[in-house]
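Summary of the model geometry
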Amino acid sequence: MEEREDLKSILAFLPVVARSWNLFWPSQVVETLKDLARGPQHSGVNSGEVLFAAISDLRRSLSLSSSFHPLTPCAADGYALFFDEIMPREESGKWFGEVVPALANLLLRLPSLLQVHYQNADNGLNTALRLLDSQQPGLVFLSQELISALLGCSLFCLFPVIDRSAKHLPTINFDHLFDALYDSYNQKQESKIWCIIHYFEKITSRMPTGFVSFERKVLPVEQTPLRISYPKAEFWSNSVIPLCRFEVHRSGLIEDQSSGALEVDFANKYIGGGALHRGCVQWCRYASSFRFSGDYVDERDADSLGRRKTRIIAIDALCSPGMKQYKQELLLRETNKAFCGFLHLSKYQEYSRLVQENERLNRDSAMIQSLDYVDDIGIATGNWGCGAFGGDPEVKAIVQWLAASQARRPFISYYTFGMKALENLDQ
């Protein structure tokens, strides 16, 4: 198992151990998790303070020493504050009596879940969990059960953190989240933790059986014969592709759209940004206004692979570009970033071939404009990079319209979120 290149790329950042063809937990970890799985009457874990002590035992068993894999100074206080003071007594009893034991049983299955994952990834198309180098595209399929187990490791702070920054990997353990709750309490921080706690309550009562896929798309800087490369300014100035339909929504949210469109996440260059610290600018109800509002039931259909038909595109805009955002180089960067996210690569390549063939024959722009869209899936977006990042909303609207049109998407549904600068956007 450890000879697999995909697993080798990420093994140092996983909490499990590999030997020969097997992944496993060290024996001390197994014993601690089994104690937790038997419930608080056996393990004694009935408070946030004692839970953090158990987490510390697990970390010692994994050799996650405080010098090389330190936790934040106030993490223990944060766990105690949330579970012993903020969480109501009745819910606390259910959490320690039912949820924590179920999470421990889930973590006991993590090595086998990972082994099944890597075995299923041998399907002709590498879909295994792995690290990708810069400018390297890739696709990863994860079962929701495996995702749940990995997030359980985050709650218990079991991921090694040494060298993560060298690989440009963001925070993964939840110690920063609880540390910030104690160090500078505010309601948005508490609400973020409630969302996560509710997630664990849901998956331990009924484990979801679907899958989630993650794809990294790339426009190579270097020209390659079989892939679409990073377009230059001339590509855009010479394009004869017609603009797609542009719909303006002055109310509503991107995630509420019902047309099956791709939903744009206004991402940080690290997906999630500072959400596991103090940040909250990528969450519903922007920044400090974010609140946990209760259970959500996803009623969207699933596809043949068991994935919900919710497609999210994470594209990072320029941060604080100022007047430079109007220069050609940065306009090109933003347009190409959106273009890359909006592309359906396999279908677009065939479409692009037809366009090039037509241009060689007679450059008949009418023929080019009559070509079908790559599919019937449009783009649901809004003021990308225009809040905390300081982008010009009118420019970003045009940039995304150009990118969606060039990617042969049939429409853009643009949500203005009531921004005054865009009140005449549809005129």
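Let us look at the structure shown here. Only a predicted model underlies this, so the values are computations on that prediction, with no experimental measurement involved.

The next point concerns the overall build of the protein chain. In terms of regular secondary structure, the protein chain is built from 15 helices and nine strands. Sequence-distant contacts in the protein chain: of pairs separated by 6 or more residues, those separated by 24 or more amount to 75%. Carbon and sulfur atoms make up 52% of the accessible area of the protein chain, which amounts to about 22200 Å² in all.

As a further point, take the pairing of strand β9 (residues 411-415). Consecutive side chains of a regular strand alternate in pointing toward one face of the sheet and then the other. Most of β9 sits inside the fold, with five of its five residues counted as buried. Of the two faces of β9, the one holding Phe411, Ser413 and Tyr415 and the one holding Ile412 and Tyr414 are both buried throughout. Where strand β8 (residues 379-381) lies against β9, three bridges are found, and the strand directions are parallel. Paired with alanine 380 across the bridge in β9 is serine 413. Viewed along the sheet, the connection from β8 through helix α15 (residues 393-406) into β9 turns out right-handed.

Right, let's get into the nonpolar core. Judged by nonpolar contacts, the single largest core of 60 residues is most densely connected at Tyr79, Phe83 and Trp95. In terms of residue count, the dominant contributor to this core is helix α6 (residues 89-108) (eight residues). With near-sequence residues (within four places) excluded, tyrosine 79 lies in contact with Gly48, Leu51, Phe52, Ile55, Asp84, Leu155, Cys157, Phe174 and Phe178. Core analysis: the next-biggest nonpolar cluster, separate from the first, contains 28 residues, Ala317, Ile379, Val395 and Val399 among them.

Once that is clear, we can look at the sheet that holds strand β6 (residues 262-267). The strand order across the open sheet formed by five strands is β5-β9-β8-β6-β7, and the pairing between neighbours is parallel. With partners counted over all chains shown, the strands left at the sheet margins are β5 (245-249) and β7 (312-316), one partner each. Between one strand axis and the next, the sheet turns by 25° as a mean value, whatever way the strands run. In this sheet, β8 lies alongside β6 in parallel orientation, the contact comprising two bridges. Within β8, the residue paired with glutamate 263 across the bridge is alanine 380.

On the surface, a cluster of nonpolar side chains totalling about 260 Å² of accessible area is made up of Leu243, Ile398 and Leu402. Among the secondary structure elements, isoleucine 398 is positioned in helix α15.

The next thing to look at is the side chain of serine 143. Mapping serine 143 onto the fold places it in strand β3 (residues 138-143). Excluding residues within four positions of it along the chain, serine 143 makes contact with Gly210 and Phe211.

Turning next to the pattern of salt bridges. For side chains bearing opposite charge, pairing can occur when the charged atoms are close. Counted according to the given criterion, the structure contains 16 salt bridges. Of the charged contacts in the structure, one is a salt bridge between arginine 250 and aspartate 426, with a shortest N-O distance of 2.8 Å. With a gap of 176 residues between them, arginine 250 in the loop between β5 and β6 and aspartate 426 in the segment after β9 connect regions that are remote in the sequence. Residue classification places arginine 250 among the partly exposed residues on the basis of a relative accessible area of 42%.

A word on helix α4 (residues 48-61). For α4, spanning 14 residues, the distance from its first C-alpha to its last is 20 Å, which sits close to the expected 20 Å at 1.5 Å a residue. Of all the residues in α4, the buried ones are Gly48, Leu51, Phe52, Ala54, Ile55, Ser56, Leu58, Arg59 and Ser61. Looking at the buried residues of α4, the elements they touch are α2 (27-37), α5 (75-86), α6 and α8 (144-155).

With that out of the way, let us pick up the packing of aromatic side chains. Applying the stated criterion to the full structure yields 15 aromatic pairs. With 6.0 Å between their ring centres and 25° between their planes, phenylalanine 83 and phenylalanine 178 make a pair best called stacked. Of this pair, phenylalanine 83 sits in helix α5 while phenylalanine 178 is found in helix α9 (residues 175-183), placing the two residues 95 residues apart along the sequence. Here the two residues phenylalanine 83 and phenylalanine 178 agree in accessibility, since each one is buried. Taken together, the ring pairs in this structure connect Phe52, Tyr79, Phe82, Phe83, Trp95, Phe96, Phe178 and Trp194 into an aromatic cluster. Of note, lysine 396 hangs over the ring of tryptophan 384, and the distance from its end group to the ring centre comes to 5.8 Å.

A few words on the packing of α6 against helix α10 (residues 187-205). Viewed as axis vectors pointing N to C, α6 and α10 meet at an angle of 65°, and their least axial separation amounts to 9 Å. Remark: the crossing between α6 and α10 carries left-handed chirality. On α10, the residues that touch Glu91, Trp95, Val99, Ala102, Leu103 and Leu106 of α6 are Trp194, Ile197, Phe200, Glu201, Ile203 and Thr204. When the residues that make up the contact of α6 with α10 are grouped by side-chain class, the tally is nine nonpolar, one polar and two charged.

The next subject is α10. Helix length check: α10, at 19 residues, gives a terminal C-alpha distance of 27 Å against a target of 27 Å (1.5 Å per residue), a fit within 8%. Its side-chain oxygen placed 3.3 Å from the backbone nitrogen of lysine 188, asparagine 186 serves as the N-cap of α10.

Turning our eyes to something else, we now look at the environment of serine 405. With respect to the helices, strands and loops of the structure, serine 405 is situated in helix α15. Put simply, serine 405 and leucine 343 are 62 residues apart on the chain and 10.0 Å apart in space, counted from C-alpha to C-alpha. Ignoring sequence-local partners within four residues, the contact set of serine 405 consists of Ile241, Pro242, Leu243 and Cys244. Here the side chain of serine 405 touches cysteine 244 through a polar contact of 2.9 Å, landing on its backbone nitrogen.

Reading guide: rules and limits
- Residues numbered from 1 in each chain as written.
- Predicted model: local features only at pLDDT ≥ 70, side-chain atom pairs only at ≥ 80, totals over all residues.
- Heavy atoms only, no water.
- Helix = DSSP H or I, 4+ residues; strand = E, 2+ residues; numbered from the N terminus.
- Contact = heavy atoms within 4.5 Å.
- Areas by Shrake-Rupley, 256 points an atom, 1.4 Å probe, with all protein chains shown as cover.
- Buried < 20%, exposed > 50% of the residue type's maximum accessible area, 1.4 Å probe, protein only.
- Pairing = 2+ DSSP bridges.
- Right-handed = clockwise from strand over helix to strand, strands pointing away.
- Core = buried A, V, L, I, M, F, W, Y, C linked by side-chain atoms within 4.5 Å.
- Axes fitted to C-alpha atoms, helices over the stretch in contact; angles between N-to-C directions.
- Patch = residues over 30% accessible without salt bridge, like charges linked within 9 Å, V, L, I, M, F, W, Y side chains within 5 Å.
- Salt bridge = Lys/Arg side-chain N within 4 Å of Asp/Glu carboxyl O.
- Expected span 1.5 Å × (residues − 1).
- Phe/Tyr/Trp six-rings, centres within 6.5 Å; stacked < 30°, edge-to-face > 60°.
- Lys NZ or Arg CZ within 6 Å of the ring centre and 35° of its normal.
- Left-handed = near helix turned anticlockwise from the far one by under 90°.
- Nonpolar A, V, L, I, M, F, W, Y, C, P; charged D, E, K, R; others polar.
- Polar contact = N/O pair within 3.5 Å; in protein donor to acceptor, adjacent residues only side chain to side chain.

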